Amino acid sequence: MATLTNPTGAPHATVLGVGAYRPRRIVPNAEVVDAIDSSDEWIQQRSGIKTRRWAEPDETVQMMSVEASRIALERAGLDAQQIDCVVVATVSHLLQTPAVAAAIAHELGTEQAAAFDISAACSGFCHGIAMASDFVRAGSARHVLVIGVERLTDILDLTDRGTAFIFADGAGAAVVGPSDTPGIGPVVWGSDGEQFDLIRQREDWRDVVGNPETPGSGVMPHLTMQGNPVFRWASFSMAKIGQQALDRAGVSLDELDVFVPHQANMRIIDAMARAMKLPERVRIARDVADQGNSSAASVPLALERMIAEGEARSGDTALLIAFGAGLSYAAQVVVVP
Ligand code: COA
């Protein structure tokens, strides 16, 4: 029997650069309230959202991803040819196959990098970072581009009171590569399929198209969410996951500088920070107030903003945690590039 070679990669992996693309259009609460019989005051009080970014027709999933990636590559000091794997986390690329990652890898000018999409909803970016870290350390890739991108407005029912004011569009990207010291801590991730229906696409594509016995709805399947149980789950269960990610990385609360939770809702962010007993000193991402909840893009967008505004500095220790449909979640500690 042949003995296969068993190569290994770098001793450690780290985030080398982060980039972002925010759609041009800023949509205030005033623009969404009429269709859902709501008010600016109600939305701000329940979610902390004042404005959100909604993409215009030219701001496609591919276009936003490429723009965010070019910035991440430049900040990492790398050319696209040095990327050998592209992982795209998204639930709103509406072509079922092929993966948008292949088109993005090509447009960026990679040398035929491995490219694929992952579907883990709002937690997809943190799943991607975990995979990229393992790829680099196992030798499957040297530099991995991880993108979180959504155009949720394509699958949003603007008359749905539970979702229309929450969700948004955008793209964030991070380059993961080799390092002499650990820059990405162990992931804590999981899923709770018992709550599969809490956030979901309303119907599957066959129900839209129909069949000879049952006519299809002919209506685009939209996102639906049971806000209340999602709120309770996220506020109480996710703090424990965040603490586990700190423990697994060997980082104490006193050593934590930055907290970048999924930008779902300001009340969830505050509840998590309280439950985790984060010291006042820890700087907390609050991008949701003017970006809205952009699902897979939310963590990299929030992290990039904190870096750009000097709230997260190179070498800082940051806890990333994301959660959403599935229900799925993933968290890890990273060193800010
Ligand atoms: N505008 C105004 N009033 C609204 C409303 C809206 N958009 N949606 C619901 N209401 C009303 C309801 O009719 C109800 O009125 P009543 O008390 O007179 O019957 C009241 O507000 C409470 O409704 P409820 O559905 O229980 O709201 P809630 O307190 O759960 O708040 C969310 C709704 C969506 C803000 C909240 O559940 C939430 O933030 N969930 C988590 C969502 C999230 O972050 N998801 C992302 C995870 S990835």
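Note: the structure precedes this text.
Every value quoted in this text rests on a predicted model; they were computed, and no experiment measured them.

A. Looking closely at the packing of aromatic side chains. The full count for this structure, using the stated rule, is four aromatic pairs. Here the aromatic rings of Trp42 and Phe165 are separated by 5.6 Å at their centres, their planes lie at 85 degrees, and the arrangement is edge-to-face. Linking Trp42 in helix 2 (residues 40–47) with Phe165 in the loop between strand 6 (144–151) and strand 7 (169–179), this pair joins segments that are 123 residues apart in sequence. Judged by relative accessible area, which is 37%, Trp42 ranks as partly exposed. Judged by relative accessible area, Phe165 falls into the buried class, the value being 5%. Through a chain of ring-to-ring contacts, the aromatic side chains of Trp233, Phe323 and Tyr329 assemble into a single cluster.

B. Local environment of the nonpolar core. In terms of nonpolar packing, the biggest core is built from 49 residues, with Met238, Phe259, Leu278, Leu319, Ile321 and Phe323 touching the most fellow members. Contributions of two or more residues to this core are made by helix 7 (227–249), helix 8 (266–275), helix 9 (288–291), strand 13 (317–324) and strand 14 (328–335). A per-element tally of this core places helix 7 first, with eight residues. Mapped onto the domain boundaries, this core takes at least three residues apiece from domain 1 (12–179) and domain 2 (188–335). Other than its neighbours up to four places away in sequence, Ile321 contacts Cys126, Met238, Ile241, Gly242, Phe259, Val260, Pro261, His262, Met272, Val299, Ala330 and Ala331.

C. Here's a closer look at the pairing of strand 6. Here strand 6 lies mainly inside the structure; eight of its eight residues are buried. Burial of the side chains of strand 6 extends over both faces: Val144, Val146, Gly148 and Glu150 are buried on one face and Leu145, Ile147, Val149 and Arg151 on the other.

D. Main features of the layout of surface pockets. One number sums up the size of the largest pocket: a volume of about 840 Å³. Secondary-structure elements contributing two or more residues to the lining of the largest pocket are strand 5 (114–118) and strand 9 (199–201). Per-element accounting of the lining of the largest pocket gives the leading share, three residues, to strand 9. Of the residues belonging to the lining of the largest pocket, the class tally is 18 nonpolar, 11 polar and four charged. For the lining of the largest pocket, the two domains that each supply at least three residues are domain 1 (12–179) and domain 2 (188–335). By volume, the second largest pocket amounts to about 530 Å³. Lining the second largest pocket are 28 residues, and of these Ile166, Met225, Gly227, Asn228 and Asn265 lie nearest its centre. Put simply, the parts of the chain that give the lining of the second largest pocket at least two residues each are helix 2, helix 7, helix 8 and strand 13. When residues of the lining of the second largest pocket are sorted by domain, at least three fall in each of domain 1 (12–179) and domain 2 (188–335).

E. Fine view of helix 5 (residues 124–138). Over its 15 residues, helix 5 runs 21 Å from end to end, which matches the ideal 21 Å to within 8%, given 1.5 Å per residue. All buried positions along helix 5 are accounted for by Gly124, Phe125, Cys126, His127, Gly128, Ile129, Ala130, Met131, Ala132, Ser133 and Val136. Downstream of helix 5 by a residue or two, Gly139 has a phi angle that is positive, lying close to 90 degrees.

F. Just the sheet that holds strand 14, in detail. Read across the sheet, five strands follow the order 8-14-13-11-12 without closing on themselves; strand pairing throughout is mixed. A single partner strand is all that each edge strand has here, and the edge strands are strand 8 (188–191) and strand 12 (283–284). Bridging between strand 13 and strand 14 involves eight bridges; their strand directions are antiparallel. Each residue of the ladder has a partner; that of Leu320, found in strand 14, is Gln332.

Calculation rules
- Residues numbered from 1 in each chain as written.
- Predicted model: local features only at pLDDT ≥ 70, side-chain atom pairs only at ≥ 80, totals over all residues.
- Heavy atoms only, no water.
- Phe/Tyr/Trp six-rings, centres within 6.5 Å; stacked < 30°, edge-to-face > 60°.
- Helix = DSSP H or I, 4+ residues; strand = E, 2+ residues; numbered from the N terminus.
- Buried < 20%, exposed > 50% of the residue type's maximum accessible area, 1.4 Å probe, protein only.
- Core = buried A, V, L, I, M, F, W, Y, C linked by side-chain atoms within 4.5 Å.
- Domains from an automatic or database assignment.
- Contact = heavy atoms within 4.5 Å.
- 1 Å grid on protein atoms, 1.4 Å probe; cavity = no way out; pocket = protein on both sides within 12 Å on 5 of 7 lines; lining within 4 Å.
- Points joined across faces, edges and corners; volume = space filled by probe spheres on them.
- Nonpolar A, V, L, I, M, F, W, Y, C, P; charged D, E, K, R; others polar.
- Expected span 1.5 Å × (residues − 1).
- Pairing = 2+ DSSP bridges.

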